[in-house]
Amino acid sequence: MVFRKLPGVSASGMGLRLSQKFVFLLFLSGLVTLCFGALFFLPDSVRLKRIFLSKTESQPVTVGSENDVREHLKKGAKDPEHLRGITSAKGETSTKLKALSRKPSVTNEAKTDKKVAGGEALEDMMLSRSKTESASKDEKVTSSSNQGANTDTSFDYNKFKKCLLKPPLGIEHGKPSDPQTLQRREKVKEMMKFAWDNYKSFAWGKNELRPLTRNGHIGNMFGGLRGASIVDSLDTLYIMGLMDEYNDAKEWVETSLDLNSNGEASLFEVNIRYVGGLLSAYYLTGEEMFKRKVMVLGEKLLPAFNTPTGIPRGVINLGSGTSWSWGWASAGSSILAEFGTLHLEFVHLSELSNNGIYTEKVMNIRKLLNKIEKPHGLYPNFLSPVSGNWVQHHVSIGGLGDSFYEYLIKSYLMSDKTDEEAKTMYYSALEAIEANLVQKSPGGLTYMAEWRGGILDHKMGHLACFSGGMVVIGADDGAPEKRQHYLDLAAEITHTCHESYSRSATKLGPEAFRFDGGAEATATRLSDRYYILRPEVIESYMYMWRLTHDPKYREWGWEAVEALEQHCRVEAGFSGIRDVYAQTVSHDNMQQSFFLSETLKYLYLLFSDDDLLPLEDWVFNTEAHPLPVVRKSCLQGEGGTHDKTTSE
Ligand code: DMJ
């Protein structure tokens, strides 16, 4: 038909009959549909999209929840799980990642999307801008979409302090009486000072230190925000009594932490590191400046929740409020460990601002997760923020799932044990995890496998090693008859994670270890052998110590100190290593900010008395920033439980 209408072309002009043309056209259109179908409509077509879309759609932000880029790159993006946390711990890799597809937020499509590609160049440009603009300007800015979210800043800090059961820093800053433990604690403090001093000398104001090349790393996780290591270190420096260093950090936050960035950030990472870090700094010190800063930042995160379901997307432009799902996440989904790890911080944002909007946002997530049907009672890692349905049936207590479970029990504890919904969800989830994921290896090691639509992958990630600590802090509040069982389970998991360390040449644990093909808590793949100064195993030692006082946990912590000193300490800081099984280590040239915020803090607490940040009063967010238990009745009444005879 089309040909007939073309002037100068007869019906037989191509030597084909009408019926032949019709068949040919039908074939052609079928072929085209097939190609585009494969590209856009088949599930998990991310790899194809990357091939086709990389040149036309820029992706300045390519980060997820962890600094796992090496693994993801090495694995060649074989599956979506491995594309999580594409944060470049190494700046040179970030450019490779900028080609991932991105989808504009449904609700923000109308907005002018100031898409700017250009990674480091942009970052440098923004860095120079941040240097010249006064940081105090941040405090006057509110994002247009949520103007007025932070209306009341009259939080009564003195009253809050009176509602704590014990002084935050204990009688004598948690100083242990036993000389050996004290000596070990001093060693950890020295490590913190060393890590900090080198960061200050070579990377001040950047996000992380590159200790081998002695320069700073910015990366693309925090949407143009700077000083991640500073914000992450505030509370660690403070509790260690490194006051000159703390004061330098505080001054930098006050004068140079520019919140007017216009970059695209991981909602999760900004929340756990910056929001968490500033909240803790405020609660520990009472410095109003930290509160003002965190309220400005908190408000900038709210537009990420403007989705049909209220489940936030993973990436947000802190300037425009536009949000995206990660290009690597199946079918534009949001990640359980990301949208499920906001609760603690958002509840505190509401507390400080006397504005319920933050709590509303996270309670809405909670409501959806509580209501939705769960396969075998398990929570898969990918959920559509549009339909509110699971996108894949992959379940993991490690990467992609981890801190969602942690935040359930911690929400309950932080609510002064009043949040019954969180409690019920936590213990039901744990029951499902035990029924479906917890395994015993032939050698008798207990581990948490991963679950893919009913099929078990007998692998445990380093990230999943936080779960020893999680299970032990919840041991007392489940069914009384299960208390001992939970204590045993926590001890067994922590033991397995310790085995993953002690079975390596360096005595540091790999990123993931397996229990199949003859393996028992060892990495079988080259790409799983790295250690990037992660805290999870030490975190579990710390909780196990606090709740059992079994001295072996302090011994295991000390083994880790010795291994860190021997293999990760370099001339200008601490570095991750590429292969924990190699006798001669190769360094990755990155001192992660969570090393200062988590690894060293948990070690310090492990060698301190229990009255330093007592667990009755404080809950640690997933970046180890302590947040206080919210005692509503005390805060709203005249109450006050603080024993003033003890020192601060
Ligand atoms: C930290 O940023 C947090 O602990 C997060 O929950 C998981 N990954 C890193 C540390 O490994």
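Analysis parameters
Residues numbered from 1 in each chain as written. Predicted model: local features only at pLDDT ≥ 70, side-chain atom pairs only at ≥ 80, totals over all residues. Heavy atoms only, no water. Helix = DSSP H or I, 4+ residues; strand = E, 2+ residues; numbered from the N terminus. Buried < 20%, exposed > 50% of the residue type's maximum accessible area, 1.4 Å probe, protein only. Contact = heavy atoms within 4.5 Å. Areas by Shrake-Rupley, 256 points an atom, 1.4 Å probe, with all protein chains shown as cover. Expected span 1.5 Å × (residues − 1). Polar contact = N/O pair within 3.5 Å; in protein donor to acceptor, adjacent residues only side chain to side chain. Near = heavy atom within 4 Å. Nonpolar A, V, L, I, M, F, W, Y, C, P; charged D, E, K, R; others polar. Axes fitted to C-alpha atoms, helices over the stretch in contact; angles between N-to-C directions. Left-handed = near helix turned anticlockwise from the far one by under 90°. Pairing = 2+ DSSP bridges. UniProt positions renumbered as here; feature names shortened; annotations may be inferred. Disulfide = S-S within 2.5 Å. Parallel < 35°, antiparallel > 145°, perpendicular 65-115°, else oblique. pLDDT = per-residue confidence, 0-100.

With respect to the overall build of the protein
Line of reasoning, step 1. Within the protein, the regular secondary structure consists of 23 helices and 20 strands.
Line of reasoning, step 2. Every one of the 648 residues in the protein was classed for burial, and the buried ones make up 62%.
Line of reasoning, step 3. When contacts within the protein are restricted to residue pairs at least 6 apart in sequence, those whose partners lie at least 24 apart make up 72%.
Line of reasoning, step 4. For the protein, the exposed surface amounts to about 23,900 Å²; the carbon and sulfur share of it is 55%.

Here we look at the side chain of Thr599
Line of reasoning, step 1. Following the sequence through the fold, Thr599 ends up in helix H22 (residues 593-606).
Line of reasoning, step 2. Once you skip the residues sitting within four places of it in the chain, Thr599 turns out to touch Tyr531, Leu533, Arg534, Pro535, Ile538, Leu564 and Phe594.

Things to note about helix H8 (residues 179-203)
Line of reasoning, step 1. For H8, spanning 25 residues, the distance from its first C-alpha to its last is 35 Å, which sits close to the expected 36 Å at 1.5 Å a residue.
Line of reasoning, step 2. Among the residues of H8, those classed as buried are Thr181, Arg184, Arg185, Val188, Met191, Met192, Phe194, Ala195, Trp196, Asn198, Tyr199 and Ala203.
Line of reasoning, step 3. Structurally, the start of H8 carries an N-cap: the backbone nitrogen of Gln180 is 3.2 Å from a side-chain oxygen of Asp178.
Line of reasoning, step 4. Backbone geometry just after H8 places Gly205 at a positive phi near 85°.

A few points about the site of the ligand
Line of reasoning, step 1. In the region of the ligand, 11 residues are neighbours, and Arg534, Glu536, Glu598, Thr622 and Glu623 sit closest.
Line of reasoning, step 2. Contact distances for the ligand include 2.7 Å between an oxygen atom and a side-chain N or O atom of Glu536.
Line of reasoning, step 3. In the model, an oxygen atom of the ligand is placed 2.6 Å from a nitrogen or oxygen of the Glu623 side chain.
Line of reasoning, step 4. Burial of the ligand by the protein amounts to 98% of the accessible area it has alone, namely 290 Å².
Line of reasoning, step 5. Elements supplying a minimum of two residues to the shell around the ligand: helix H11 (267-285) and H22.
Line of reasoning, step 6. Here the residues of the shell around the ligand sort into four nonpolar, one polar and six charged.

Regarding the packing of H8 against helix H21 (residues 552-568)
Line of reasoning, step 1. Close contact between H8 and H21 brings their axes to 11 Å; oriented N to C, the two are set at 35°. In this structure, H8 meets H21 at a crossing whose hand is left-handed. When H8 is examined against H21, the residues Gln180, Thr181, Arg184, Lys187, Val188 and Met191 are found in contact with a partner set consisting of Arg554, Glu555, Trp558, Val561, Leu564 and Glu565.
Line of reasoning, step 2. Considered class by class, the residues forming the contact of H8 with H21 number five nonpolar, two polar and five charged.

A closer look at the sheet that holds strand E8 (residues 382-383)
Line of reasoning, step 1. Pairing is antiparallel across the open sheet formed by three strands, whose spatial order is E7-E8-E9. The open sheet has two edge strands with one neighbour each: strand E7 (334-335) and strand E9 (390-392).
Line of reasoning, step 2. Where E7 meets E8, two bridges bridge the pair, whose relative direction is antiparallel. Across the sheet, the residue bridging to Ser334 is Leu383, located in E8.

Digging into the UniProt feature "active site" (unreviewed entry) in the protein
Line of reasoning, step 1. Residues annotated by UniProt as "active site" (unreviewed entry) correspond here to Glu269, Asp402, Glu511 and Glu536.
Line of reasoning, step 2. You can see Asp402 is positioned in helix H16 (residues 402-414).
Line of reasoning, step 3. Relative accessible area serves as the criterion here: at 8%, Asp402 is assigned to the buried category.
Line of reasoning, step 4. Considering the arrangement of structural elements, one finds Glu536 in helix H20 (residues 536-548).
Line of reasoning, step 5. Those residues within four positions of Glu536 in sequence are excluded, and the remaining contacts are His462, Leu463, Cys465 and Phe466.

Structural notes on unusual backbone geometry
Line of reasoning, step 1. Of note, the phi angle at Ala331 is positive, near 45°, even though the residue is not glycine.
Line of reasoning, step 2. Along the polypeptide, Ala331 turns up in the loop between strand E6 (323-325) and E7.
Line of reasoning, step 3. Taking relative accessible area as the criterion, Ala331 reaches 52% and is therefore assigned exposed.
Line of reasoning, step 4. Positioned with a positive phi, Asn354 is a non-glycine residue whose angle comes to about 55°.
Line of reasoning, step 5. When you line up the elements, Asn354 lands in the loop between helix H14 (343-353) and helix H15 (357-371).

Some thoughts on the state of the cysteines
Line of reasoning, step 1. What the rule picks out here adds up to two disulfides.
Line of reasoning, step 2. A disulfide bridge connects Cys465 with Cys497, and the sulfur atoms are separated by 2.0 Å. Because the torsion about its S-S bond is -90°, the bridge between Cys465 and Cys497 counts as left-handed. Residue Cys465 is found in the loop between strand E15 (459-461) and helix H18 (467-473), and its partner Cys497 is found in helix H19 (residues 483-502); the two are separated by 32 residues along the sequence. Pair check on accessibility: Cys465 and Cys497 agree, each one buried.

Looking at the packing of helix H9 (residues 228-240) against H22
Line of reasoning, step 1. One way to put it is that H9 packs onto H22 with a least axis distance of 7 Å and a crossing angle of 15°. Taken together, the axes of H9 and H22 lie roughly parallel to each other. When you trace H9 past H22, the crossing you get is left-handed. Listed contacts from H22 to Ala228, Ser229, Asp232, Ser233, Asp235, Thr236, Ile239 and Met240 of H9 are Ser593, Phe594, Leu596, Ser597, Leu600, Lys601, Tyr604 and Leu605.

Some points on the confidence of the model for the protein
Line of reasoning, step 1. When pLDDT is averaged along the protein, the result is 82, and 75% of the positions lie at 70 or above.
Line of reasoning, step 2. For residues 35-148, every residue scores under 50 in pLDDT, and the model assigns this stretch 273 contacts once sequence neighbours within four places are set aside.
Line of reasoning, step 3. For the stretch residues 642-648, pLDDT sits under 50, and the model shows 21 contacts to residues farther than four places along the chain or on other chains.

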